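Inside the fold
Letter by letter, the chains look like this.
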Amino acid sequence: VTVAQFRQFTVDSNYRTDAETSGRGSGRHHPDGTWRDDPDCNWRNPGFEQSDDHPVVCVNWRDASAFCAWLSRKTGRNCRLP
């Protein structure tokens, strides 16, 4: 799923990811070598440059499931996680 596709989902459904609503953000590798939650990190701001055709990052299982449900309704085809 690309950044552009995920953005369309969030716009159409007014969806906010767990990283955006939890206040914890998403996990991120920091310059000091540690991996920890960063409140400013989410799919919109993963901490590195991304274009619309890159794969979306910083989404969890629930976010991906919500995307699949939205895509299923939009296309009339059953889309699900493996």
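Look up a bit, the structure's there.
Here's what I pulled together on the structure shown here. Please read these numbers as outputs of a predicted model, since none were measured by experiment. (Residues numbered from 1 in each chain as written. Predicted model: local features only at pLDDT ≥ 70, side-chain atom pairs only at ≥ 80, totals over all residues. Heavy atoms only, no water.)

Turning next to the overall build of the chain. Secondary structure summary: the chain contains three helices and two strands in total. Beginning at the N terminus, the succession of helices and strands in the chain can be written as α-α-β-β-α. Dimensions of the chain, computed from the C-alpha atoms along their principal axes, are close to 45 × 25 × 25 Å. Sorting the 82 residues of the chain into buried and exposed places 30% on the buried side. Taken as a whole, the chain presents about 5,600 Å² of accessible surface, with 50% of it coming from carbon and sulfur. Treating the 11 positive side-chain charges of the chain as one cloud and the 11 negative ones as another, the clouds have centres 8 Å apart. (Helix = DSSP H or I, 4+ residues; strand = E, 2+ residues; numbered from the N terminus. Buried < 20%, exposed > 50% of the residue type's maximum accessible area, 1.4 Å probe, protein only. Areas by Shrake-Rupley, 256 points an atom, 1.4 Å probe, with all protein chains shown as cover. Lys, Arg positive; Asp, Glu negative; His and termini not counted. Charge placed at Lys NZ, Arg CZ, Asp CG, Glu CD.)

By the secondary structure assignment, D53 is in the loop between strand 2 (35-38) and helix 3 (61-75). Take D53: its relative accessible area is 62%, and that puts it in the exposed class. Along the sequence, D53 and R24 sit 29 residues apart, while their C-alpha atoms lie 26 Å from each other. Polar contacts involving the side chain of D53 include one to the side chain of S51, which spans 2.3 Å. (Polar contact = N/O pair within 3.5 Å; in protein donor to acceptor, adjacent residues only side chain to side chain.)

To continue, consider helix 3. Compared with the 21 Å implied by 1.5 Å per residue over 15 residues, the 21 Å span of helix 3 between its first and last C-alpha is a close match. When we look at burial in helix 3, the residues that qualify are D63, F67, C68, W70 and S72. Against the buried residues of helix 3 lie helix 1 (3-13) and helix 2 (18-21). If you check the start of helix 3, you find a side-chain oxygen 3.1 Å away from the backbone N of R62, and it comes from N60. (Expected span 1.5 Å × (residues − 1). Contact = heavy atoms within 4.5 Å.)

Relative to strand 2, strand 1 (residues 26-29) runs antiparallel, the two being bridged by four bridges. Within strand 2, the position partnered with G27 by the bridge is D37. (Pairing = 2+ DSSP bridges.)

Moving on to the nonpolar core. Looking at soluble globular proteins, one finds that nonpolar side chains tend to be buried together. Grouped together as the largest cluster of nonpolar side chains are eight residues: V3, F6, F9, Y15, W43, V56, F67 and W70. Elements with a minimum of two residues in this core: helix 1 and helix 3. At three residues, helix 1 tops the list of elements feeding residues into this core. If sequence neighbours within four positions are ignored, V3 has contacts with W43, Q50, S51, D52, H54, P55 and V56. (Core = buried A, V, L, I, M, F, W, Y, C linked by side-chain atoms within 4.5 Å.)

Following both chains from N to C, one finds helix 1 and helix 3 inclined at 75°, their axes separated by 10 Å at the closest point. Comparing their axes, helix 3 and helix 1 come out roughly perpendicular. Of helix 3, the residues touching helix 1 (which contributes Q5, F6, Q8, F9, D12 and S13) are D63, A66, F67, W70 and K74. Here the residues of the contact of helix 1 with helix 3 are counted per class, giving five nonpolar, three polar and three charged. (Axes fitted to C-alpha atoms, helices over the stretch in contact; angles between N-to-C directions. Parallel < 35°, antiparallel > 145°, perpendicular 65-115°, else oblique. Nonpolar A, V, L, I, M, F, W, Y, C, P; charged D, E, K, R; others polar.)

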